[in-house]
Amino acid sequence: MHTRSAATVRPATPIPPWPGRLVSAGAAEVFLRSVPAEPGAEPGLCVHGLGGSSTNWTDLMDALRQPGPLPGDGQLVSCEALDLPGNGYSPPRPDGDYTVAAQVAVVARLIEERGRGPVHLIGNSLGGAVCTQLAARRPELVRTLTLVSPALPDLRPRPVPARVSALRIPGFGPWLLRRAGKVPARQRVALTLRDVYFDPAHVHPDRVAQEIAELERQDALGYAGDVLLGSAQGLISEYFRRGPETLWRDAAQVTAQVLAVYGSHDRLVNPKMAVRAARTFRHARVVLLPRTGHVAQMERPGEVASDMRMMMAAAVVRAAGESSYR
């Protein structure tokens with residue numbers, strides 16, 4: 001496992017979200033953002049976390065489409081990022097199924113129908129759980145796997161995850177969301193940033209304003225609370241699952257090269273889980289970033305991109321070694 005030294009990065013003028021459009025993914029329809037295609041770039045797909053959206057990947061997508069600053073940092077990745085059903089600009093599922101398995105099926109169909117697979121699959125939090133299960137059960141669709149603070153089962157109590165777990169209590173979850181909906185969007189955004197960033201002061205004011213406007217837009221849709229509740233219940237159910245189909249057993253079955261990134265000050269995913277990830281994934285590079293919270297792809301996109309390129313280079317070396325034995 002690798003521990004990185006701290007670096008202070010002040011907020012710069014942010015780039016706008018990448019353009020997107022609605023595309024089909026089997027029976028579902030999802031909003032998909034894309035960077036301009038670059039010659040020689042390999043395909044990537046980003047999957048956001050609980051209550052997030054495709055805009056969570058804006059800066060990492062930008063970093064990956066350009067050569068990195070270090071020698072050998074030249075592999076380009078042409079990323080797409082989807083809004084999972086009911087999130088961002090994607091319409092909700094008619095069947096109301098927001099389990100991890102249902103999300104996996106949507107992402108798999110998207111890769112198939114886009115014809116870009118196998119892809120460099122990248123997931124954060126809930127998206128990390130989705131990507132882990134997909135990589136284990138549909139390995140032909142995944143070139144490499146990058147996980148940023150993946151929400152893999154950990155039943156040790158922590159304050160912020162406990163709030164999410166409370167949504168699973170019958171009757172209490174809807175009441176809690178109704179109560180939260182009465183809080184002004186600005187306050188809810190401030191609370192979320194405090195939960196997921198090591199230092200919310202590093203979030204550019206333009207990005208904060210965008211988050212507030214987006215939350216107000218979602219409030220007006222009328223279904224965002226139900227989607228959040230269903231997604232949280234689906235994720236927590238995985239934490240209590242027993243038997244041969246748990247997420248950690250999926251992790252042990254992943255054959256792709258893996259990069260797992262954890263934040264030293266993550267309030268949602270315990271950074272100690274980095275040790276279990278290093279022991280469980282077969283071919284993994286595990287990195288612990290200092291002074292980093294739950295969204296390293298937003299807090300330290302350049303470092304995550306560099307680590308991804310090191311992992312991708314290792315995947316090439318490994319593939320060459322395996323082919324020499326055939």
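Residues numbered from 1 in each chain as written. Predicted model: local features only at pLDDT ≥ 70, side-chain atom pairs only at ≥ 80, totals over all residues. Heavy atoms only, no water.

## Digging into the overall build of the protein
- The secondary structure content of the protein amounts to 12 helices and nine strands.
- Put simply, 78% of the contacts in the protein that link residues at least 6 apart link residues at least 24 apart.
- With the model as given, the accessible surface of the protein reaches about 14800 Å², and the carbon-plus-sulfur share is 56%. (Helix = DSSP H or I, 4+ residues; strand = E, 2+ residues; numbered from the N terminus. Contact = heavy atoms within 4.5 Å. Areas by Shrake-Rupley, 256 points an atom, 1.4 Å probe, with all protein chains shown as cover.)

## Considerations on the packing of aromatic side chains
- The final tally for this structure, using the stated rule, is one aromatic pair.
- Between Phe31 and Tyr89, the aromatic rings sit 5.4 Å apart at their centres with planes inclined by 40 degrees, giving tilted as the arrangement. Residue Phe31 is located in strand 3 (residues 28-34), and its partner Tyr89 is located in the loop between strand 5 (77-83) and helix 2 (100-114); the two are separated by 58 residues in the primary sequence.
- A relative accessible area of 13% places Phe31 in the buried class.
- Tyr89 gets classed as partly exposed once you look at its relative accessible area, which sits at 41%. (Phe/Tyr/Trp six-rings, centres within 6.5 Å; stacked < 30°, edge-to-face > 60°. Buried < 20%, exposed > 50% of the residue type's maximum accessible area, 1.4 Å probe, protein only.)

## Points about the nonpolar core
- Leu45, Leu82, Val107, Leu121, Leu145, Tyr262 and Phe281 are the most contacted members of the largest nonpolar core, which has 48 residues in total.
- What Leu121 contacts, discounting residues up to four positions off in sequence, is Leu45, Val47, Val107, Cys131, Leu134, Val142, Thr144, Leu145 and Thr146.
- Grouped together as the second largest cluster of nonpolar side chains are 22 residues, Met61, Leu64, Val261 and Ala305 included. (Core = buried A, V, L, I, M, F, W, Y, C linked by side-chain atoms within 4.5 Å.)

## Here we look at the side chain of Gln103
- Its location among the elements puts Gln103 in helix 2.
- Taking the relative accessible area as the measure of exposure, Gln103 reaches 1% and is therefore buried.
- Aside from chain neighbours lying at most four places away, what touches Gln103 is Leu84, Pro85, Tyr98, Val130 and Ser231.

## Examining unusual backbone geometry
- Cis geometry marks the peptide bond from Gly117 to Pro118; its omega dihedral reads -5 degrees.
- Structurally, the position occupied by Pro118 is in the loop between helix 2 and strand 6 (119-124).
- Non-glycine residue Ser125 carries a positive phi angle of around 60 degrees.
- As for its position among the elements, Ser125 is in the loop between strand 6 and helix 3 (126-137).
- When its relative accessible area of 9% is taken as the criterion, Ser125 is described as buried.
- Notably, Arg291 is not glycine yet its phi reads approximately 50 degrees, a positive angle.
- Relative to the assigned elements, Arg291 resides in the loop between strand 9 (284-289) and helix 11 (296-299).
- Given the relative accessible area of 43%, Arg291 is considered partly exposed.

## Some details on the pairing of strand 6
- Counting buried positions along strand 6 gives six out of six residues, so the element sits mostly inside the fold.
- As paired elements, strand 6 and strand 7 (residues 142-148) share six bridges and run parallel to each other. Opposite Gly123, over in strand 7, you have Leu147 as the bridge partner.
- In this region the chain leaves strand 6, passes through helix 3 and returns to the parallel neighbour strand 7; the handedness of that crossover is right-handed. (Pairing = 2+ DSSP bridges. Right-handed = clockwise from strand over helix to strand, strands pointing away.)

## Observations concerning helix 10 (residues 273-280)
- Met273, Ala274, Ala277 and Thr280 are the residues of helix 10 that are buried. Buried positions in helix 10, seen along its axis, are confined to an arc of 130 degrees and lie on one side of it. (Arc of directions from axis to C-beta.)

## So, the packing of helix 2 against helix 3
- Where helix 2 contacts helix 3, the axes come no closer than 9 Å and their chain directions differ by 70 degrees. Judged on the interaxial angle alone, helix 3 and helix 2 are roughly perpendicular. Pair helix 2 / helix 3 crosses with right-handed handedness. Mapping the contact onto sequence places Val100, Ala101, Gln103, Val104, Val107, Ala108 and Ile111 in helix 2 and Leu126, Ala129, Val130, Gln133 and Leu134 in helix 3.
- Looking at the contact of helix 2 with helix 3 residue by residue, the classes come out as 10 nonpolar, two polar and no charged. (Axes fitted to C-alpha atoms, helices over the stretch in contact; angles between N-to-C directions. Parallel < 35°, antiparallel > 145°, perpendicular 65-115°, else oblique. Left-handed = near helix turned anticlockwise from the far one by under 90°. Nonpolar A, V, L, I, M, F, W, Y, C, P; charged D, E, K, R; others polar.)

## Quick word on the packing of helix 6 (residues 185-196) against helix 7 (residues 205-221)
- Two elements in contact, helix 6 and helix 7, have axes whose closest approach is 9 Å; the angle formed by their N-to-C orientations is 120 degrees. The orientation of helix 6 with respect to helix 7, classified from their angle, is oblique. For the element pair helix 6 and helix 7, the recorded crossing hand is right-handed. Here Ala185, Arg186, Arg188, Val189 and Leu193 of helix 6 come into contact with helix 7, specifically with Val208, Glu211, Ile212, Leu215, Glu216 and Asp219.
- Per-class residue counts for the contact of helix 6 with helix 7 are six nonpolar, no polar and five charged.

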